[in-house]
Amino acid sequence: MSVRIESLTKTYGVQNAIDHISFSIGHGEVVGLLGPNGAGKSTTMKILTCFMPQSSGEAEVCNFNTRTSPLEVRRRVGYLPEHNPLYGDMYVKEYLLHVAGMYKLANPEARVKQMVELTGLGPEQHKRIEQLSKGYRQRVGLAQALVHDPEVLILDEPTSGLDPNQLVDIRNLIREIGQQKTVILSTHIMQEVEALCPRIIIINKGKIVADGSRESLQRGKKGQELVEVELDGAIDVALLRGLNGVLRVEVLSGNRYKVEAQAGNDLRKAIFDLAVKQNRAILSLNVQQSSLEDVFRQLTRS
Amino acid sequence: MYSLFLKEIRSFLSSPIAYVVIGVFLLVTSLFIWVFPDYSILEFNFANMDPLFVMAPWIFLFLIPAVTMRSFAEERKSGTIELLLTRPLTDFQIVGAKYLAGLVLVFLSLLPTFLYAVTVYRLADPIGNVDTGAMLGSYIGLFCLASAFVAIGLFSSSLTDNQIVSFVTAVFFSFFFYAAFDSLSLMQLPQQVLLVLEYLGIARHYEGMSQGVIDSRDVLYFVSLNAFFLTLTRYVLQNRYR
Ligand SMILES: Nc1ncnc2c1ncn2[C@@H]1O[C@H](COP(=O)(O)OP(=O)(O)OP(=O)(O)O)[C@@H](O)[C@H]1O
Ligand SMILES: [Mg+2]
């Protein structure tokens, strides 16, 4: 197991920031850690990186306990904290060399050069960090997390505040890294999860409310099928309701209908047959998956 | 640890603070040694550097906190402390690296004053008629005193994320250890208490060393004082930031 946490709890004063959380992550998995503001995502990450100790429970990275062998854990973890803190007065390359030095790499110069290429920092590498744009600063943050070739990457909101172009670049970079490494990333952007994370863990108020593959979470929602159909004229809603397995029909504007049925009934053919019988033409028909956003909202609404 | 030490020195030297501090130190000490009539060697024809060793602790009292005030406070304010504390370094190595970097800066500011020493040596009549033993002892004493101020400064910086607060706290603690214990020992107190108070203050040990006698008890005192504040700093790192 790359990461294993067991009944992990962190208490601030009287409040449990995280409350008996447990999960395991295998080698090479890319996991999205989701949850509303204040759910405890950053807290979990800070414990995993040995920044702060838990109140109770155990956390392990590559089979090293964060409490008993923190140095071993730190050697194996690359960390990008939430607000990407950096030394603004240092030059990009100088900073990366400094970080490389702290991990005692065999050939820091070559490694830093490689990182600069990988993260696309080439044109900016001779600037001071404070002179960089946010996107490039984010790349420096990623480069410092990667420079010692860590086995586990922990990225706390790695793409917050980036423009769409940078967003795509950084996501591609993370996807590339995720081919070989274990990655845990937190984010509030659902498209990002869809683009990057085969597995999702959702935390709400310090507790895990979902943990599974992305498809299973999206499928799992109540076990319903949703079809939206647009016809060239009005149709009797009762006829739609009468179709096999239909639970609910919603009339939308412009002769559009939203039909909800129990899973397992393929509505598309039934609707097509009905439309033909009623002399209506189908202008559009699409099956809707419940979106991750719906799943998220449903699981974390208090 | 070495990498962190180098980075600390580089960040000292790339910020104006280091140059201001070294510049002010040299300016003030040379004014006292050569210019101000009350102290000036040229007026008195004494071939010694006492003015330097009397004034330097007071100057260091303000300048060293100005150098160390950033060390942890700034890291905490900018959040870089989170990365620093998740590197494969022990807390002791982190404190140690910053402490050693501070010592290097102190050494750099003392280095040019050797020129004064050489001049005094040449001015003496006959040439070289100076108490080199006392001079050497004074330098060692001054360095010990400055190292204690660095340790105190680091500790103060670890307490807060505000540089000004860090500076003021450091000046206060340094002053307290340098002079306040001595002043306290002027009060009407039982003899034993007075001895302890006097022993706790930096001043007595510093003056002892200035005589040119390096007493192992004085050295032990400075080592313990430094260790005490560095350990406290490490304790704060372990408990307050997280
Ligand atoms: N240093 C602290 N002292 C007291 N409470 C804290 C501290 N840090 C976090 N908390 C509390 O712990 C809870 C979890 O915070 P955490 O930062 O882990 O949330 P998060 O999931 O990362 O949220 P976000 O999406 O906003 O980043 C919050 O209620 C927060 O107020
Ligand atoms: Mg967070």
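Residues numbered from 1 in each chain as written. Chains lettered and ligands numbered in written order. Predicted model: local features only at pLDDT ≥ 70, side-chain atom pairs only at ≥ 80, totals over all residues. Heavy atoms only, no water.

## Focus: the nonpolar core
And then number 1: Among the nonpolar cores identified, the biggest contains 146 residues, and Y95 of chain A together with M49, F60, L145 and I202 of chain B are the most heavily contacted of them.
And then number 2: If you count residues domain by domain, this core takes at least three from each of domain 1 (3-213) and domain 2 (220-300) of chain A. (Core = buried A, V, L, I, M, F, W, Y, C linked by side-chain atoms within 4.5 Å. Buried < 20%, exposed > 50% of the residue type's maximum accessible area, 1.4 Å probe, protein only. Domains from an automatic or database assignment.)

## Examining the environment of N37 of chain A
Residue and element names in this part refer to chain A.
And then number 1: Secondary-structure assignment places N37 in the loop between strand 3 (30-34) and helix 1 (41-48).
And then number 2: Overall, the relative accessible area of 71% leaves N37 in the exposed class.
And then number 3: Remark: the alpha-carbon pair of N37 and I25, spanning 12 residues in sequence, is separated by 23 Å. (Helix = DSSP H or I, 4+ residues; strand = E, 2+ residues; numbered from the N terminus.)

## Some words on the sheet that holds strand 7 (residues 152-156) of chain A
Strand pairing in a sheet takes place through backbone hydrogen bonds and is either antiparallel or parallel in direction.
Residue and element names in this part refer to chain A.
And then number 1: On the basis of which strands lie adjacent, the open sheet formed by six strands has the order 6-7-8-3-9-10 and mixed pairing. Of all the strands in the sheet, the pair left with one neighbour each is strand 6 (77-80) and strand 10 (207-213). Shown here is a sheet whose adjacent strand axes are inclined to one another by a mean of 15 degrees, direction ignored.
And then number 2: Relative to strand 9 (residues 199-204), strand 3 is paired through four bridges, and the arrangement is parallel. For L34, the partnering residue across the bridge sits in strand 9 and is I202.
And then number 3: The sheet contacts of helix 6 (residues 164-178) involve strand 3, strand 7 and strand 8 (182-186), and relative to strand 8 the element is tilted by about 145 degrees. (Pairing = 2+ DSSP bridges. Axes fitted to C-alpha atoms, helices over the stretch in contact; angles between N-to-C directions. Contact = heavy atoms within 4.5 Å.)

## Considering the pairing of strand 2 (residues 15-25) of chain A
Residue and element names in this part refer to chain A.
And then number 1: Taken together, the seven bridges between strand 1 (residues 3-12) and strand 2 define a ladder with antiparallel strand orientation. Along strand 2, the bridge assignment pairs K10 with I18.
And then number 2: Remark: two residues form the turn of the hairpin made by strand 1 and strand 2, two consecutive strands paired antiparallel; G13 in that turn has positive phi of roughly 60 degrees.

## Regarding the packing of helix 1 (residues 2-14) of chain B against helix 7 (residues 91-110) of chain B
Residue and element names in this part refer to chain B.
And then number 1: It is the contact of helix 1 with helix 7, at a shortest axis distance of 8 Å, that shows an interaxial angle of 45 degrees. Considered as vectors, helix 1 and helix 7 are oriented oblique to each other. The two elements helix 1 and helix 7 meet at a crossing, and its hand is right-handed. Residues L4, F5, E8, I9, F12 and L13 of helix 1 touch helix 7, and the partners they reach there are I94, A97, K98, L100, A101, G102, V104, L105 and L108. (Parallel < 35°, antiparallel > 145°, perpendicular 65-115°, else oblique. Left-handed = near helix turned anticlockwise from the far one by under 90°.)

## Digging into the pattern of salt bridges
And then number 1: Going through the model one piece at a time under the given rule, you end up with 27 salt bridges over all chains.
And then number 2: The closest approach of N and O atoms between D211 of chain A and R199 of chain A, which form a salt bridge, is 3.0 Å. Here R199 of chain A lies in strand 9 and D211 of chain A lies in strand 10, a separation of 12 residues in the sequence.
And then number 3: By relative accessible area, which is 38% here, D211 of chain A ends up partly exposed.
And then number 4: Taking the relative accessible area as the measure of exposure, R199 of chain A reaches 13% and is therefore buried.
And then number 5: The partner of R217 of chain B in a salt bridge is D215 of chain B, and the shortest N-O contact between them spans 2.9 Å.
And then number 6: Classification of R217 of chain B by relative accessible area gives exposed; the value is 56%. (Salt bridge = Lys/Arg side-chain N within 4 Å of Asp/Glu carboxyl O.)

## Description of the interface of chain B and chain A
And then number 1: Of the residues lining the interface, 21 residues belong to chain B; the matching set on chain A comes to 24 residues.
And then number 2: A buried area of about 2,200 Å², summed over both sides, lies between chain B and chain A, and 60% of it is on carbon and sulfur atoms.
And then number 3: In this structure, the connection of chain B to chain A is made through two salt bridges.
And then number 4: Note that D89 of chain A and R70 of chain B form a salt bridge whose closest N and O atoms lie 3.9 Å from each other.
And then number 5: Taken together, chain B and chain A are joined by nine residue pairs in polar contact (both at pLDDT 80 or more).
And then number 6: Where the side of chain B that touches chain A is concerned, the elements lending two or more residues are helix 1, helix 5 (73-78) and helix 6 (80-84) of chain B.
And then number 7: For the side of chain B that touches chain A, the leading source of residues is helix 6 of chain B, giving five residues.
And then number 8: Among the residues making up the side of chain B that touches chain A, the classes are represented as eight nonpolar, six polar and seven charged. (Buried area = accessible area lost by both parts, 1.4 Å probe. Polar contact = N/O pair within 3.5 Å; in protein donor to acceptor, adjacent residues only side chain to side chain. Nonpolar A, V, L, I, M, F, W, Y, C, P; charged D, E, K, R; others polar.)

## Thoughts on the domain arrangement of chain A
Residues and elements named next belong to chain A.
And then number 1: Looking at the assigned domains, one finds that chain A contains domain 1 (3-213) and domain 2 (220-300).
And then number 2: Between the C-alpha centres of domain 1 and domain 2 there is a distance of 42 Å.
And then number 3: Each partner contributes to the interface: domain 1 provides 12 residues, whereas domain 2 provides five residues.
And then number 4: Taken together, the connections running from domain 1 to domain 2 amount to zero salt bridges.

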